[in-house]
Amino acid sequence: MNNSKKLGINTSCVHVGEVKDEQFKGAVSPMYMSTSYAFDDVAIKRYPRYFNTPNQEMLCKKIAALEHTEDGLIFSSGMAAISAAMFAFLKTGDHVIIQQVIYGGTYNFIVSEFDKYGIEYSFTESDKVADFKALIKDNTKILYIETPSNPLLGITDIAAISSLAKAHGMLTMIDNTFASPINQNPADLGIDIILHSATKYMGGHSDISAGAIAASKKHIEQIWKTAINFGGNLSDQTVWLLERSLKTLNLRVKEQTKNAQEMATYLEGNENIDRVYYPGLKSHPQYELAKKQMKGFGAMLSFELKEGIDAMEFQNALQLIKPSMSLAGLESTTVSPAQTTHALLSEKQRLERGIKDGLIRFSVGIEEAEDLIADIEQAIEKVKS
Ligand SMILES: *Cc1c(COP(=O)(O)O)cnc(C)c1O
């Protein structure tokens, strides 16, 4: 395991945590579907909901290697991972500080569940570290961040959040879904608990629902104790599919990231586009910070269509790029935040958050950039005429 840190990224993606096929010497991990194992096998008996079947246990090693942590845990969804991590460390009377702009499902989880258990929470007003600092109370246990954030690709200073938390004896959690372990390793910047919706880049083919956590052995042990009670383990069939997906994680995400940079540059120069949000553009207000803490700028971006070009009509006119709620697949997809993820907010609330009606979130896939550009151009022409 410790050796795995020294392996190249593609080698780790392919080989770390393989289940050896001793019986037939097959090239890939056998899939162990048993829900029952002999007692003498491990100290704690193997059982799917104990997160320790052979495929689960081995895949955790790959997750840990990719995130530069000691250990990992795999769940049936991103929200199963996020909720288990929060409840593992929080009890009645504790307080959490949460970044204002976070994934909608995480926001709903916090506002609809925490009150029932008497867990206090405060949302920051921005992603600035001073905002977190101002909200610290005696009972604050966790600082929770998400960077790059959705949908405007804001960047939070990961190292500064880590040191603020350490100075106050608090725990840090990050949702690292948008960057993926290929573009950002928060453990290297001092973050304690790293959360992923593996439904996104880790799965990468828009056909798996999964979640993952990477952290120290000590923290994973504590999360595990809560996780076995909530029961959000991933079926071994899907664990096996996730292992297959992770073998190409670096190849996919590198290509998608390269494409996103090309698309962002193209969109910024397009006269029908008002504004492009991408951390890899020099025009991004936190470009320098992104450059410092990310290995690559990621494959998510957003752009605003000029007034008069309707966002829904534009998306319906696309032929290659698919309008779709989810993200991070091999195929390029778009979504209109005002119509979907932020539809429940009033127009005024949306504008306060910088979300205009013409804003499009773009998850860039592996198709050639020239094909994506041609698709966008024909769609704009169609809507304008
Ligand atoms: C999708 C997503 C989640 C939730 O993951 P699920 O697999 O849908 O439960 C959490 N955070 C981010 C940033 C996401 O995009």
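Refer to the structure presented above.
Residues numbered from 1 in each chain as written. Predicted model: local features only at pLDDT ≥ 70, side-chain atom pairs only at ≥ 80, totals over all residues. Heavy atoms only, no water.

Things to note about the pairing of strand 4 (residues 140–146)
Defined as follows: Whether a residue is buried, partly exposed or exposed follows from its accessible area with a 1.4 Å probe, protein chains only, as a fraction of its type maximum: under 20%, in between, or over 50%, in that order. By definition, any uninterrupted DSSP run of H or I lasting at least four residues is a helix, any uninterrupted run of E lasting at least two residues is a strand, and each is numbered from the N terminus. Two strands pair under a simple rule: DSSP has to find at least two bridges between them.
For strand 4, the tally of buried residues reaches 6 of 7 residues, placing the bulk of the element in the interior. Relative to strand 4, strand 2 (residues 95–98) is paired through 4 bridges, and the arrangement is parallel. Its bridge partner lying in strand 4, I97 is registered against L143. For strand 4 and strand 5 (residues 171–175), the ladder comprises 5 bridges, and the chain directions are parallel. Each bridged residue has a counterpart across the sheet, and for L143 the counterpart in strand 5 is T172.

Quick word on the sheet that holds strand 9 (residues 300–305)
Sheet architecture is open: 5 strands sit in the order 8-9-12-11-10, paired in mixed fashion. In this open sheet, the two strands that pair with only one neighbour each are strand 8 (273–277) and strand 10 (322–323). Inspection of the sheet shows strand 9 paired to strand 12 (residues 359–363) by 5 bridges, in the antiparallel sense. When the sheet's bridge partners are listed, M300 is paired in strand 12 with S363.

Examining the environment of A198
Rules: It only takes one pair of heavy atoms within 4.5 Å for two residues to be counted as in contact.
With respect to the helices and strands, the residue A198 is situated in the loop between strand 6 (193–197) and strand 7 (211–215). A relative accessible area of 0% means that A198 is categorised as buried. A sequence separation of 122 residues divides A198 from S76, and the C-alpha atoms of the two residues are 9.0 Å apart. For A198, the residues in contact, after removing those within four places along its chain, are G203, A210, G211 and L242.

As for the site of the ligand
As a reminder of what qualifies: Neighbouring residues are identified by heavy atoms, a residue being near a molecule or strand if any of them is within 4 Å of it. Side-chain atoms alone can form a polar contact between residues adjacent in sequence; in general such a contact is a pair of N or O atoms within 3.5 Å, and within protein one must be able to donate a hydrogen while the other accepts it. All accessible areas in this document rest on Shrake-Rupley with a 1.4 Å probe, and a residue is counted as covered only by the protein chains that are shown.
Looking at the ligand, there are 13 residues lining it, with G78, M79, D175, T199 and K200 nearest. The contact in question runs from an oxygen atom of the ligand to an N or O atom on the backbone of M79, over 2.8 Å. Note that an oxygen atom of the ligand is positioned 2.6 Å from one of the side-chain N or O atoms of T199. Isolated, the ligand exposes 380 Å² of accessible area, and the fraction of that covered by the protein chains is 91%.

Overview of the side chain of Q56
Along the chain, Q56 falls in helix 2 (residues 54–67). Leave out the neighbours within four places in its chain, and Q56 touches P48, F51, I74, N233, L234, D236 and V239.

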